[in-house]
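The primary structure of each chain is shown beneath.
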Amino acid sequence: MRFAKALLISHITDLAGPSEALENYLKSRSDSLGVIYHPFHYCSDRRSIAKQYAAGRLVSEKRRCGFALPNLATYVKDALFSFIFFFGFLARFDTCVACDPLNGVVAVLLKKCGLIKRVIFYTIDWMPGRFANPLLNRLYHALDRFCLNNCDAAWNISPRIVEIRREQGLPDDRNVLVPVGVDLEKIDLPDKAAKSPADVVLLGALSPSKGVDLVIEAWPALVARFPQLTLHVIGKTPNNAIEDGVVYAPFEARLAALGPSVVLHGVMNHDAVLATLPAFDISLALYRPTDNNLSRWADPSRVKDYLACGLPVVITDVPEIAKDVAALSAGVVADYTVDGVAAAIAAMVEDPDRWRAMRRAAVDYMQRYRWSAIFDASFEAALAPPLR
């Protein structure tokens, strides 16, 4: 797949995800690429970003407006800077991938002005109750439907969202499943044939819905039973520690209080994560099983990074990938309880042979999820005739 002039508009977090993978894909396949990023309000650096690439080489990067604003004001600021950055590129674009409704609306409006030829609406996260505020939630879904009705194709990160799009009337030829992939070429797997599992890792934003409380409560008994265990935490509590409208205290102090068996690594960029994870043995992806958990509708990238790095995962039955983990024995699907998490970790530690079999299953499973192959197939499906 080759592009003359491509554009990517997306919101991003402190950890790399599908948007950054798409940037890496496009910059090597585009004569000219524009990238506009807006960090979410809880990120450490809130400045909006504009990048320009020519023949794969970064020629310009600007960062603007990192003020701490209320959530709604932040979204207005993001839309405004999308337009400012776009016109700063001084170009029309053939193909634009816009992630989430706010960026999709910007792309569609630019298309209607003749400045973008075709728009792919990329849904990385979606759920019925996206916002607790009912007015904001209705606005979110109205913008989502506007993008759906005016895009040339819709990319959807999970089968659950593909089915929602089908129910919303999107034709199958415009309704494309784009699962999360992995940068397999960046992963170097060590030989663990003679190793027993001892290093457990928790990666990502530290929040109540990610089961951090369960880990903190389960850990003392696990270490008393298995003194060789070490818990590695990669990530941090978000700056704006609010979930479901409730402010919560940072988790770092509670984790550090568990003693020397817990190592806080802080935030790492994605390349550093992929270089670090293979040294560990067991991974944690503990999603709270509630209807409004965004991960229920998503395809969490950290789970696939875990598996690709050879780490059997302890996961709760929330995201769709938990079914594959269970079917392929690439980890353990645990109850969202302290005892359930502790039992799943203990089951791997007590049976190294079973753990090694899970490790092999995890690595084999991820071979089908190379990002370059996923994006090749997704663009071919999205841009194939008939094109709106």
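Check the entry above for the structure.
Calculation rules
- Residues numbered from 1 in each chain as written.
- Predicted model: local features only at pLDDT ≥ 70, side-chain atom pairs only at ≥ 80, totals over all residues.
- Heavy atoms only, no water.
- Helix = DSSP H or I, 4+ residues; strand = E, 2+ residues; numbered from the N terminus.
- Rg over C-alpha atoms; globule rule 2.2 N^0.38 Å.
- Buried < 20%, exposed > 50% of the residue type's maximum accessible area, 1.4 Å probe, protein only.
- Contact = heavy atoms within 4.5 Å.
- Areas by Shrake-Rupley, 256 points an atom, 1.4 Å probe, with all protein chains shown as cover.
- Lys, Arg positive; Asp, Glu negative; His and termini not counted.
- Charge placed at Lys NZ, Arg CZ, Asp CG, Glu CD.
- Pairing = 2+ DSSP bridges.
- Axes fitted to C-alpha atoms, helices over the stretch in contact; angles between N-to-C directions.
- Core = buried A, V, L, I, M, F, W, Y, C linked by side-chain atoms within 4.5 Å.
- 1 Å grid on protein atoms, 1.4 Å probe; cavity = no way out; pocket = protein on both sides within 12 Å on 5 of 7 lines; lining within 4 Å.
- Points joined across faces, edges and corners; volume = space filled by probe spheres on them.
- Nonpolar A, V, L, I, M, F, W, Y, C, P; charged D, E, K, R; others polar.
- Salt bridge = Lys/Arg side-chain N within 4 Å of Asp/Glu carboxyl O.
- Polar contact = N/O pair within 3.5 Å; in protein donor to acceptor, adjacent residues only side chain to side chain.
- Phe/Tyr/Trp six-rings, centres within 6.5 Å; stacked < 30°, edge-to-face > 60°.
- Lys NZ or Arg CZ within 6 Å of the ring centre and 35° of its normal.

*Asks:* When you look at the overall build of the protein in this model, what are you seeing that I'm missing?
*Replies:* Along the backbone of the protein there are 13 helices and 16 strands. Relative to a compact globule of 388 residues, whose C-alpha radius of gyration would be 21 Å, the protein shows 21 Å and is just as compact. Counting only C-alpha atoms, the protein reaches 65 × 45 × 40 Å along its principal axes. The 388 residues of the protein split such that 54% are buried. The long-range share in the protein, meaning contacts at least 24 apart out of those at least 6 apart in sequence, stands at 69%. Accessible surface, the protein as shown: approximately 15900 Å² in total, 56% of it carbon and sulfur. Computed over 43 positive and 42 negative side-chain charges, the inter-centroid distance for the protein is 7 Å.

*Asks:* Would you take a moment to explain the sheet that holds strand β2 (residues 30–39) for this structure?
*Replies:* Backbone-to-backbone hydrogen bonds pair the strands of a sheet. The strands run either parallel or antiparallel. In spatial order, the strands read β4-β3-β2-β1-β5-β6-β7-β8; together these eight strands make up an open sheet with mixed pairing. This sheet does not close on itself; its edge strands, each paired only once, are β4 (57–64) and β8 (175–177). Ignoring which end each strand starts from, the neighbouring axes of this sheet average 20° apart. As paired elements, strand β5 (residues 93–99) and strand β6 (residues 116–123) share six bridges and run parallel to each other. Residue pairing in the sheet places Cys-96 in a bridge with Val-119 of β6. Where helix α1 (residues 18–27) meets the sheet, its contacts fall on β1 (3–12), β2, β3 (48–54), β5, β6 and β7 (153–156), and the angle it forms with β1 comes to roughly 165°. Packed on one face of the sheet, helix α5 (residues 159–167) meets β6, β7 and β8 and runs near 175° to β8.

*Asks:* How do you make sense of the nonpolar core when you look at a structure like this?
*Replies:* A general trend in soluble globular proteins is that nonpolar side chains are found buried together. Among the nonpolar cores identified, the biggest contains 67 residues, and Leu-22, Tyr-122, Trp-155, Leu-277, Leu-307, Phe-375 and Phe-379 are the most heavily contacted of them. With six residues, the single largest contributor to this core is helix α13 (residues 371–383). Look past the residues within four positions of Phe-379 in its chain and what remains in contact with it is Met-1, Phe-3, Leu-22, Tyr-25, Leu-26, Thr-95, Val-97, Ile-120, Trp-155 and Ala-384.

*Asks:* Can you walk me through the layout of surface pockets in this structure?
*Replies:* Over the atoms, a rolled probe matching the size of one water molecule traces out where space is still vacant. Quantified by volume, the second largest pocket comes out at close to 650 Å³. Taken together, the elements giving at least two residues each to the lining of the second largest pocket come down to α1, β2, β3, β4, α8 (270–276) and α9 (301–308). At six residues, the largest contribution of residues to the lining of the second largest pocket is made by α1. Class assignment for the residues of the lining of the second largest pocket results in 13 nonpolar, eight polar and twelve charged.

*Asks:* Looking at this model, I keep getting lost on the side chain of Arg-174. Mind explaining?
*Replies:* Within the element layout of this structure, Arg-174 appears in the loop between α5 and β8. The side chain of Arg-174 is buried and forms no salt bridge, while Asp-173, the nearest opposite charge, is found at 5.6 Å. Separated by 2.9 Å, the side chain of Arg-174 and the backbone oxygen of Cys-151 make a polar contact.

*Asks:* I tried to follow the pattern of salt bridges on my own but got confused; where do I start?
*Replies:* Per the counting criterion, the structure on display carries 23 salt bridges. A salt bridge links Arg-166 to Glu-163; the nearest nitrogen and oxygen atoms lie 2.8 Å apart. With Arg-166 and Glu-163 both in helix α5, this residue pair falls three residues apart, about one helical turn. A relative accessible area of 34% places Glu-163 in the partly exposed class. Across the pair Asp-281 and Lys-195 runs a salt bridge, and its minimum N-O distance is 2.6 Å. Taken together, the residues span a long stretch of sequence, with Asp-281 in the loop between α8 and β14 (282–285) and Lys-195 in the loop between β8 and β9 (199–203) at a distance of 86 residues. A relative accessible area of 27% places Lys-195 in the partly exposed class. Each of Asp-45, Arg-47, Glu-61 and Arg-63 takes part in a single network of salt bridges with overlapping partners.

*Asks:* So what exactly am I meant to see when it comes to the packing of aromatic side chains here?
*Replies:* Centre distance and the angle of the planes are the two values used to describe a pair of aromatic rings. Scanning all chains against the criterion turns up 16 aromatic pairs. Each ring, one from Tyr-25 and one from Phe-375, has its centre 5.3 Å from the other, and the planes form 55°; the classification is tilted. Highlighted residues: Tyr-25 in helix α1 and Phe-375 in helix α13, separated in sequence by 350 residues. As far as burial versus exposure is concerned, Tyr-25 and Phe-375 are alike and both buried. Ring geometry for Phe-89 versus Phe-93: centroids 5.9 Å apart, planes at 75°, classification edge-to-face. The same class applies to Phe-89 and to Phe-93, which are both buried. One aromatic cluster is present, formed by Phe-3, Tyr-25, Tyr-122, Trp-155, Trp-371, Phe-375 and Phe-379 through successive ring pairs. The side chain of Arg-130 reaches across the aromatic face of Phe-131, ending 5.2 Å from its centre.

Treat this as a map of the structure, not an account of what it does.
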